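Read off the chains here:
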Amino acid sequence: MNKNIAIIKGDGIGPEIVNEAMGVLDAVAARFGHTFTYTDAPMGGNAIDAFGVPLPDSSLETCLASDSVLLGAVGGPKWDSQPSVNRPERGLLKLRGAMKLYSNVRPARMFSDLSAACPLRPDIAARGIDFVVVRELIGGVYFGEHSTEEADGEQKATDIMSYTEHEIRRVAHVAFQMAQKRRKRVTSIDKANVLDTSRLWRRVVTEVAKVYPDVELLHMYVDNAAMQIVRDPSQFDVIVTENLFGDILSDEASQITGSIGMIPSSSMGEGTRGLYEPIHGSAPDIAGQDKANPIGTILAAAMMLRYSFDMAAEADAIEAAVDETLKAGIRCGDIWQEGCALVGCREMGRQIRSRI
Ligand code: NAD
């Protein structure tokens, strides 16, 4: 197969980690007989420096014309003083909107060789952590109206949270279809005891569940879910939730698996094109020092193969290569432990490539 991949290296450690992910994709292409063609799409602080805006039209066009987009990370202290309409993150929001990416998927999986990095009690970690958070990405309070006004001699701020049935329905389908390929259990998280948006959420998700009789549906309040994720994460298979709850719970979920440097994410809309990236930022504190862990980005590339290109065997090959590299005791600084070999970003990429 021939696939065109838009590459957004971004800022900070972005170029370092994306280069390693591209190296791994090249190894996959060589082994399985595919051709991956890469086109650079500048975005973030580097694009502000070169073009005056965080997402130039030419980059957006490259992404929209691609089969999928691989992103490192954007942002850094150099651009913190930019006006908010021209900050690096604005490029990412604009890209998500233009690509109509309404669902974000983040796996929370603990590699058994990294259980020492898990902050949970060993007996809880031993039950295993392997679930996925499906988060609605372009609705809810983040996309509602925001205002601050004077009222009765003090400031009053308002953020509107709203959801329509179709916004809920389409992300619910993503969650149920994902559960069908996994352990067939969806936990829908809301605050239906308080919020109207949550009551609508619960009703629509329950309706969608009827299309997937092979998948079990459970409902859980968000406060309880935050507790259950640390009390017994093994009970979850697929979590589906709205934007704000998903933002918070997916960070909690990723933290219990160990390092932030290990976790990929995918954002998808209609069709097969997606945006794939690690969950972490541009890590300016270690940028340019060959210290970044590229595994989150490499696993994001594996998700791209699995979900956008329908290349399951190829994705399995990447995930197995990561597993074997960790089993061989090879570690970047963020996941290093006693008795393991400490390697940099480039060597980690080389080790994983050599196992494809
Ligand atoms: P961060 O995720 O960049 O870093 C947090 C900590 O984790 C740092 O100590 C960093 O060194 C470490 N870390 C992160 N990724 C790592 C990796 N792959 N290997 C080893 N260590 C790693 O978060 P931050 O410091 O809050 O943000 C830095 C910049 O990134 C900010 O400008 C922020 O806006 C931006 N950011 C971008 C994205 C994105 O592009 N999607 C996401 C989050 C933050």
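Everything numeric in this text was worked out from a predicted model, so none of it was measured. All residue numbers here refer to positions counted from 1 along the written sequence of the relevant chain. Confidence filtering applies because this is a predicted model: local features only for residues at pLDDT of at least 70, side-chain atom pairs given and counted only at 80 or more, and all residues used for totals across whole chains, interfaces and linings. Working from all heavy atoms in the structure, the side-chain values ignore hydrogens and water.

Novice: Break down a nonpolar patch on the surface for me, citing the residues and quoting the values.
Specialist: Only residues above 30% relative accessible area that lack a salt bridge enter a patch, with like-charged residues linked at up to 9 Å and the nonpolar side chains Val, Leu, Ile, Met, Phe, Trp and Tyr linked at up to 5 Å. Only the protein chains shown count as covering a residue, and every accessible area follows the Shrake-Rupley method with a 1.4 Å probe. Salt bridges are defined by distance alone: a side-chain nitrogen of Lys or Arg within 4 Å of a carboxyl oxygen of Asp or Glu. Judged by side-chain polarity, Leu93, Tyr142 and Phe143 come together as a nonpolar surface patch covering roughly 290 Å² of accessible area. For helices the rule is a DSSP run of H or I covering at least 4 residues; for strands it is a run of E covering at least 2, with both sets numbered from the N terminus onward. Inspection of the secondary structure assignment puts Leu93 in helix α4 (residues 88–98). Residue classification places Leu93 among the partly exposed residues on the basis of a relative accessible area of 44%. For each residue, the accessible area found with a 1.4 Å probe, counting protein chains only, is set against the maximum for its type, and the residue is called buried under 20%, exposed over 50%, and partly exposed in between.

Novice: Describe the nonpolar core, and please don't skip the residues or the numbers.
Specialist: One finds Phe36, Leu70, Val134, Phe176, Ile295 and Leu305 to be the most contacted residues of the largest nonpolar core, which totals 67 residues. Taken together, domain 1 (2–118 + 257–353) and domain 2 (140–240) each give at least three residues to this core, which thus spans both. The contact partners of Phe176, leaving out residues within four places of it in the chain, are Val186, Val205, Val208, Ala209, Tyr212, Val215 and Leu217. Grouped together as the second largest cluster of nonpolar side chains are 20 residues, Ala108, Ile229, Phe245 and Ala253 included. Working definition of a nonpolar core: buried Ala, Val, Leu, Ile, Met, Phe, Trp, Tyr and Cys residues. They are joined through side-chain atoms within 4.5 Å. Segment limits for the domains were obtained from an automatic or database-derived domain assignment. By definition, residues are in contact when any of their heavy atoms lie within 4.5 Å.

Novice: An account of the packing of helix α8 (residues 222–231) against helix α9 (residues 243–255) is requested, with residue identities and associated values reported.
Specialist: To define axes, lines are fitted to C-alpha atoms, for helices over the stretch in contact only, and angles between the resulting N-to-C directions are given on a 0 to 180 degree scale. The interhelical angle for the contact between α8 and α9, taken along N-to-C directions, is 10 degrees, at an axis separation of 10 Å. Overall, the two elements α8 and α9 adopt an arrangement that is roughly parallel. Here Val222, Ala225, Ala226, Ile229 and Val230 of α8 come into contact with α9, specifically with Phe245, Leu249, Glu252 and Ala253. Of the residues contributing to the contact of α8 with α9, the split by class is 8 nonpolar, no polar and 1 charged. Angle categories: roughly parallel below 35 degrees, roughly antiparallel above 145, roughly perpendicular from 65 to 115, and oblique for all the rest. Following the grouping adopted for this structure description, the nonpolar residues are Ala, Val, Leu, Ile, Met, Phe, Trp, Tyr, Cys and Pro, the charged ones are Asp, Glu, Lys and Arg, and the polar ones are all others, Gly among them.

Novice: Any chance you could break down the packing of aromatic side chains for me, citing the residues and the numbers?
Specialist: Aromatic rings from Phe, Tyr and Trp, taking only the six-membered ring of Trp, are treated as a pair when their centres fall within 6.5 Å; an angle between ring planes under 30 degrees marks them as stacked, one over 60 as edge-to-face, and anything in between as tilted. Scanning the model with the defined rule gives 4 aromatic pairs in all. Aromatic side chains Tyr163 and Trp201 sit 5.8 Å apart centroid to centroid with 70 degrees between the ring planes, which places their arrangement in the edge-to-face category. Of the two residues, Tyr163 sits in the loop between β7 (154–159) and α6 (165–180) while Trp201 sits in helix α7 (residues 196–209), which places them 38 residues apart along the sequence. Charges are assigned to positions over rings by a cutoff of 6 Å between ring centre and Lys NZ or Arg CZ, combined with an angular limit of 35 degrees from the ring normal. One cation-aromatic arrangement involves Arg109 over Phe111; the distance from NZ or CZ to the ring centre is 4.5 Å.

Novice: Please provide a residue-by-residue account of the pairing of strand β2 (residues 35–40), values included.
Specialist: In this sheet, β2 lies alongside strand β1 (residues 2–10) in parallel orientation, the contact comprising 6 bridges. Note that in β2 the partner of Asn4 across the bridge is Thr37. A right-handed crossover is one whose linking path, passing over the helix from the first strand to the second, runs clockwise when the strands point away from the viewer. Handedness of the β-α-β unit built from β1, helix α1 (residues 14–32) and β2 comes out right-handed. One bridge is not enough; two strands pair if DSSP finds at least two bridges between them.

Novice: Requested: an account of unusual backbone geometry, with residues and values cited.
Specialist: Positive phi is not limited to glycine here, since Asp152 has a value of about 50 degrees. Position of Asp152 relative to the elements: it lies in the loop between β6 (146–151) and β7. A positive phi angle, close to 55 degrees, is found at Asp290, a residue other than glycine. Summarising the element assignment, Asp290 is placed in the loop between β12 (274–278) and α10 (295–308). What makes Asp290 partly exposed here is its relative accessible area of 23%.

Novice: Outline the sheet that holds β2, supporting the account with residue identities and numerical values.
Specialist: Spatial ordering of the open sheet is given by β2-β1-β3-β12-β11-β4-β5-β10-β8-β9, a layout of 10 strands whose pairing is mixed. The sheet terminates laterally at β2 and β9 (216–221), the two strands that pair on one side only. Direction aside, neighbouring strands of the sheet carry axes that sit 25 degrees apart on average. Pairing of strand β4 (residues 103–109) with strand β11 (residues 264–268), which is carried by 3 bridges, proceeds in the antiparallel orientation.

Novice: With reference to specific residues and values, describe the domain arrangement of the chain.
Specialist: We note that the domain assignment places domain 1 (2–118 + 257–353) and domain 2 (140–240) within the chain. Inter-centroid distance (C-alpha atoms) of domain 1 to domain 2 is 27 Å. Between domain 1 and domain 2, the contact holds 4 residues from the first and 4 residues from the second. At the boundary of domain 1 and domain 2, one finds 0 salt bridges. When grouped by side-chain class, the residues that make up the side of domain 1 that touches domain 2 number 3 nonpolar, 1 polar and no charged.

Novice: So what's going on with the site of the ligand? Which residues, and what values?
Specialist: The full set close to the ligand counts 20 residues, and Val74, Glu89, Gly281, Ala283 and Asp285 are the nearest of them. Any N or O atom pair separated by 3.5 Å or less is treated as a polar contact, with the protein-specific requirement of one donor-capable and one acceptor-capable atom, and with residues adjacent in sequence counted only for side-chain atom pairs. With respect to the ligand, the backbone of Ala283 contributes an N or O atom lying 2.8 Å from an oxygen atom. A distance of 2.9 Å separates a nitrogen atom of the ligand from a polar backbone atom of Asn293. Compared with its free state, where it exposes 810 Å², the ligand has 68% of that area covered by protein. By residue class, the composition of the shell around the ligand is 9 nonpolar, 7 polar and 4 charged. Throughout this document, a residue counts as near a molecule or strand when at least one of its heavy atoms sits within 4 Å of that molecule or strand.

Novice: Pulling in residues and values, what's your account of the environment of Ile17?
Specialist: Its place among the elements puts Ile17 in helix α1. When its relative accessible area of 0% is taken as the criterion, Ile17 is described as buried. When the C-alpha atoms of Ile17 and Gly349 are compared, they prove to be 8.5 Å apart, with 332 residues separating the residues in sequence. Leaving out residues up to four positions away in the same chain, Ile17 has contacts with Gly72, Pro278, His280, Ala292, Asn293, Pro294, Thr297 and Cys345.

Novice: Explain the side chain of Ser66 to me, and be specific about the residues and the numbers.
Specialist: With respect to the element layout, Ser66 can be found in the loop between α3 (57–65) and β3 (68–73). The exposure class of Ser66 is buried, given its relative accessible area of 8%. A distance of 2.7 Å separates the side chain of Ser66 from the backbone oxygen of Cys63, its partner in a polar contact. Side-chain polar atoms of Ser66 contact the backbone oxygen of Ser68, separated by 3.2 Å. Setting aside residues up to four positions removed in sequence, Ser66 forms contacts with Asn4, Ala6 and Arg273.

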